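One letter stands for each residue in the lines below.
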Amino acid sequence: MSTKEEFLAGVKGGIPIALGYLPVSFTFGLIAVSGGLPVWIACMISLTNLTSAGQFAGTSLIFAGAFDEMGLNRHQMAQNLELIMTKPLTSQIEGQMDLFGETETQKNVKTDDIPWVEEYTQKELLKLEKESTGMYISGHPLAQYIDYKKIMRIPDISDVIASQSDEYEKYTELFGMVTSLKLHTTKSNEKMCFMTIEDMTESMECVVFPKVYEQFKNAVEQEVPVYVAGKPAVREEKCNFIVDLIFSEKEFVDMCSRRKLCIKIKTNELNDVISRLGGILTDEGKTSVCFYLTDLKKLISQKGKNKINLSKNSLEFIKNNLNIENIALIK
């Protein structure tokens, strides 16, 4: 067999292997680019790294926060990955180091010589953590809404499941992340969907029938928080949720702002509570504040400055000055 024939035979024999690597390459490219890596860096990693596992490991470790102690932010490391990979090699030749140690030169390379890049937003960081490890590490997307859930009296999914046919076999509300979404076309050619909602305690499958899906489909998106209202339904010992209403993250916050903030107190505590809230009470806020006097069983509103701008900061202020268990948003 001539050299040319041997070459062609080798090419022919390598085609199945090359085809097998195509889906791996596409997957790596999607992960790298979605994480903010420039396309040319993703290509360089593929060209210089002969192992598919190595390609995924490097980017996944950055996105998961494994190198946060280096003193660089994750976006900075992702954008300058090639520089980070090559600089320390040069430093090892210039200076001596033990197996697990590092020279002062290397420390400077890691921090001073790497161009600054603005860090990902908290939402982007958490999304990258979930994509690379399957879990959230540095926080949770729903953490900022814990106080909203409390004053809206929205139960945890784990409580709904535990109660099943008892307390929550009635119209109720849930707030969580859409972790999976499956569209379905009915026999009458209408679209409906099955989605799994997960909060910080448990997950539950929700059924969105065609009329509801058509009305609220723009609010349904995977890996984003949603507010749903409806009724739990127990079938064959499994608790599902029949959805009647869906609000997006922004629509949920707007809905909360339009409600009244009701504070449950005794009459002799009224002046003290108003005084404590003085820093956030205004006459231009969206959310009205009222007081339920438990001893008189009477709902009253203050004259003048009796509104607040409902936000994470204002809720934190209220929580630090009052018992949040005595506060609720009412219609």
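Residues numbered from 1 in each chain as written. Predicted model: local features only at pLDDT ≥ 70, side-chain atom pairs only at ≥ 80, totals over all residues. Heavy atoms only, no water.

So what's going on with the pairing of strand 1 (residues 172-185)? Residues and values would help.
By the bridge criterion, 6 bridges tie strand 1 to strand 4 (residues 225-235) in an arrangement that is antiparallel. The partner of Phe175 across the bridge, within strand 4, is Tyr227. With 8 bridges connecting them, strand 1 and strand 2 (residues 191-198) associate as antiparallel partners. Opposite Leu181, over in strand 2, you have Met195 as the bridge partner. Linking strand 1 to strand 2, which pair antiparallel, is a turn of 5 residues; within it Asn189 sits at a positive phi near 65°. (Pairing = 2+ DSSP bridges. Helix = DSSP H or I, 4+ residues; strand = E, 2+ residues; numbered from the N terminus.)

Tell me about the nonpolar core, residues and numbers included.
In this structure, Met195, Tyr227, Val228, Ile246, Phe252 and Ile263 are the most contacted members of the largest nonpolar core, which totals 59 residues. The greatest single-element share of this core, amounting to 6 residues, is contributed by strand 5 (residues 238-248). Setting aside residues no more than four positions away along its own chain, Phe252 makes contact with Tyr145, Tyr148, Met152, Ile154, Phe175, Tyr227 and Phe247. Core analysis: the next-biggest nonpolar cluster, separate from the first, contains 10 residues, Phe63, Leu72, Met77 and Tyr120 among them. (Core = buried A, V, L, I, M, F, W, Y, C linked by side-chain atoms within 4.5 Å. Buried < 20%, exposed > 50% of the residue type's maximum accessible area, 1.4 Å probe, protein only. Contact = heavy atoms within 4.5 Å.)

Quick rundown of helix 7 (residues 122-133)? Include the residues and the values.
The terminal C-alpha atoms of helix 7, which comprises 12 residues, lie 16 Å apart, in line with the 16 Å expected from a rise of 1.5 Å per residue. Every buried residue of helix 7 is accounted for by Leu125, Leu126, Leu128, Glu129 and Lys130. Immediately beyond the C-terminal end of helix 7, within one or two residues, lies Gly134, with a positive phi of roughly 85°. (Expected span 1.5 Å × (residues − 1).)

Kindly report on the side chain of His75, identifying the contributing residues and their values.
If you trace the backbone, His75 turns up in helix 4 (residues 74-79). Overall, His75 belongs to the buried group, its relative accessible area being 17%. A polar atom in the side chain of His75 sits 2.7 Å from the backbone oxygen of Glu118. (Polar contact = N/O pair within 3.5 Å; in protein donor to acceptor, adjacent residues only side chain to side chain.)

Can you break down a nonpolar patch on the surface residue by residue, with the values?
On the surface, Phe7, Leu8, Val11 and Ile15 cluster together into a nonpolar patch covering about 390 Å² of accessible area. In this structure, Leu8 sits in helix 1 (residues 3-34). Judged by its relative accessible area of 48%, Leu8 is partly exposed. (Patch = residues over 30% accessible without salt bridge, like charges linked within 9 Å, V, L, I, M, F, W, Y side chains within 5 Å. Areas by Shrake-Rupley, 256 points an atom, 1.4 Å probe, with all protein chains shown as cover. Salt bridge = Lys/Arg side-chain N within 4 Å of Asp/Glu carboxyl O.)

Can you tell me about helix 13 (residues 312-321), naming the residues and giving the values?
If you check which residues of helix 13 are buried, you get Ser314, Leu315 and Ile318. Along the axis of helix 13, the buried residues cluster in a sector spanning 100°; they form a single face. Exposed and oriented more than 90 degrees from the buried face of helix 13 are Lys312, Asn313 and Asn320. Its buried side turned inward, helix 13 meets helix 8 (146-152), strand 6 (260-265), strand 9 (307-308) and strand 10 (327-330). (Arc of directions from axis to C-beta.)

Describe in detail unusual backbone geometry, supporting the description with residues and values.
The phi dihedral of Arg153 is positive, around 60°, even though this residue is not glycine. Within the fold, Arg153 resides in the loop between helix 8 and helix 9 (157-163). Assessed through its relative accessible area of 43%, Arg153 is described here as partly exposed. The phi dihedral of Asn189 is positive, around 65°, even though this residue is not glycine. Take Asn189: it is sitting in the loop between strand 1 and strand 2.

Go over the pattern of salt bridges, please, and point to the residues and values.
Overall, the coordinates contain 10 salt bridges when judged by the stated rule. Two residues, Arg276 and Asp272, come together in a salt bridge whose shortest N-O distance is 2.9 Å. You can see Arg276 and its partner Asp272 sitting in helix 12 (residues 270-276), 4 residues apart, about one turn around the helix. Exposure remark for Arg276: the relative accessible area of 36% places this residue in the partly exposed category. Residue classification places Asp272 among the partly exposed positions, given a relative accessible area of 40%. We note a salt bridge from Glu316 to Lys319, for which the minimum N-O separation is 3.7 Å. In this pair, Glu316 and Lys319 both sit in helix 13, 3 residues apart, roughly one turn of the helix.

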